Amino acid sequence: MDSILHPAKESCFCTPYGNHNSSEWRFLLMMRNSAKTAASVRPRRKRGKHWLQRDWRLYLMLLIPIVWYILFCYKPMAGLQIAFQKYNMFNPAKSKWIWLDNFKFVFGMSDFGIALKNTLILNGLDLLFGFPVPIILAILLNEMRTPMLKKFSQTMLYLPHFLSWVIIGGMVLQIFAPTSGVINSTLLRWGWISENIPFLTDGPTWTFTYVLVGVWQSMGWGTILYLAAITGLDMNLFEAARIDGANKLQQIWHVTLPGIRSTIVVLLIMNIGRMMSIGFDRPFIIGNTKVKDYCDVISTFVYRAGITNSQFARATAIGLFQSIVGLVLITGANTVSRLFDEQSIW
């Protein structure tokens, strides 16, 4: 103890790093203290400026979608007040507040109930038959071993997504027309049917045609996310399964599908959230007056009852109703998924 309090009395010190004489030990202490002093005096780097200078191009790219969302998604929300007003399109300042009267009027219309039912049925069928198809196609494309055939198949599957629904509607009319369509003409010529199949004039048959065309149009584009997720899987997992004696179907069931489960769950939740939202062009172009009770959906109802009749307040009320129900659906689906599968959007 005396040697520690009075180091001058001892010629060396015992340290965890060995024995040092007093002069060497003082020199080491001096160097350590000088290093601490230099570190404390050194000016701190401005971290905020550093990451902004380093990644300014990425933030500039991020600015474009942010501005787009502000202008076209958040700014129009100010117009939701029209749903609670008797809107005066010539002088909006004189619009009177009527609160929920627009909602009561819309919900009391018989056509709205039909449109709501058709929207849920058609979207439900799209989800039931259209959601698994991109997953199956992505797995099949991933298993292709010929690069040229794989690229050709991908191109042909993606192509319908870029066609306008006006063009697709003309193709549907040429193929499924009751009297002059390619399918009916061919089947009648071959003697397989005795009368025309009403693909576009009978309600249930029109629904089948509607879902079939929608699945064909969207299945190729939907495979992109799943194919990217499959490509990112560790190939060592497939090799290990192959060594254990798993065949292709077993590898798909035990390796591929569990590997892309998170992607499947997220896209399923998003599709459930869009159950109340349906495009205007597809049912409007493929539909006709003979199947009005099957093809009239919320988007066409808003166009007919709201926009063409200049009832913008009622059309806004329907849109707000769709958004609220969609929010409830996506929140509920996300909550259920988090409870059972621990996979969710948030």
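Residues numbered from 1 in each chain as written. Predicted model: local features only at pLDDT ≥ 70, side-chain atom pairs only at ≥ 80, totals over all residues. Heavy atoms only, no water.

Enquirer: Before we go on, may I ask you to explain the side chain of aspartate 296 in this structure?
Expert: Within the secondary structure layout, aspartate 296 lies in the loop between helix H16 (292-295) and helix H17 (298-307). Among the polar contacts listed, one links the side chain of aspartate 296 to the side chain of threonine 300, at a separation of 2.8 Å. Apart from the residues lying within four places of it in its own chain, the contact partners of aspartate 296 are Asp111, Ile114, Ala115, Asn118, Phe301 and Arg304. (Helix = DSSP H or I, 4+ residues; strand = E, 2+ residues; numbered from the N terminus. Polar contact = N/O pair within 3.5 Å; in protein donor to acceptor, adjacent residues only side chain to side chain. Contact = heavy atoms within 4.5 Å.)

Enquirer: Can you walk me through the packing of aromatic side chains in this structure?
Expert: To describe a pair of aromatic rings, one takes the distance between the centres and the angle between the planes. Per the counting criterion, the structure on display carries 17 aromatic pairs. With centroids separated by 5.1 Å and ring planes inclined at 70°, the aromatic side chains of phenylalanine 176 and phenylalanine 199 adopt a geometry described as edge-to-face. Here the residue phenylalanine 176 occupies a position in helix H9 (residues 165-176), and phenylalanine 199 occupies one in the loop between helix H10 (182-190) and helix H11 (203-231), the gap between them amounting to 23 residues. Classification of phenylalanine 199 as buried rests on a relative accessible area of 8%. By the ring-pair criterion, three or more aromatic residues cluster together here, those being Phe84, Phe103, Phe107, Phe112, Phe301 and Phe321. Geometry around tyrosine 210 places arginine 282 over its ring, the cationic atom sitting 3.8 Å from the centre. The positively charged end of arginine 314 is found above the aromatic ring belonging to phenylalanine 105, 3.7 Å away from the centroid. (Phe/Tyr/Trp six-rings, centres within 6.5 Å; stacked < 30°, edge-to-face > 60°. Buried < 20%, exposed > 50% of the residue type's maximum accessible area, 1.4 Å probe, protein only. Lys NZ or Arg CZ within 6 Å of the ring centre and 35° of its normal.)

Enquirer: Hey, could you run me through H9 in this one?
Expert: Because the α-helix completes a turn every 3.6 residues, residues three or four places apart line up on one side. With 12 residues, H9 should reach 16 Å at 1.5 Å per residue; the first-to-last C-alpha distance of 15 Å fits that figure. Of all the residues in H9, the buried ones are Trp165, Ile168, Gly169, Val172 and Phe176. The buried residues of H9 occupy an angular sector of 105° when projected down its axis, which confines them to one face. Turned more than 90 degrees from where H9 packs its buried face, Val166 and Gln174 sit exposed. (Expected span 1.5 Å × (residues − 1). Arc of directions from axis to C-beta.)

Enquirer: Any chance you could explain the layout of surface pockets here in plain terms?
Expert: Space left empty within the atom packing is revealed by a probe, the size of a water molecule, rolled over the atoms. In this structure, the largest pocket encloses a volume near 970 Å³. Every residue lining the largest pocket is counted, 29 residues in all, and those nearest its centre are Asp126, Gly130, Ser218, Asn271 and Arg274. Contributions of two or more residues to the lining of the largest pocket are made by helix H6 (110-130), H11, helix H14 (261-273) and helix H15 (281-286). Here the lining of the largest pocket takes 10 residues from H11, the largest share from any one element. Tallied by class, the residues present in the lining of the largest pocket amount to 15 nonpolar, 10 polar and four charged. What the second largest pocket holds in volume is close to 290 Å³. What lines the second largest pocket is a set of 13 residues, and nearest its centre among them are Leu80, Ala315, Thr316, Gly319 and Leu320. If you tally residues by element for the lining of the second largest pocket, the top one is helix H18 (residues 312-340), at eight residues. (1 Å grid on protein atoms, 1.4 Å probe; cavity = no way out; pocket = protein on both sides within 12 Å on 5 of 7 lines; lining within 4 Å. Points joined across faces, edges and corners; volume = space filled by probe spheres on them. Nonpolar A, V, L, I, M, F, W, Y, C, P; charged D, E, K, R; others polar.)

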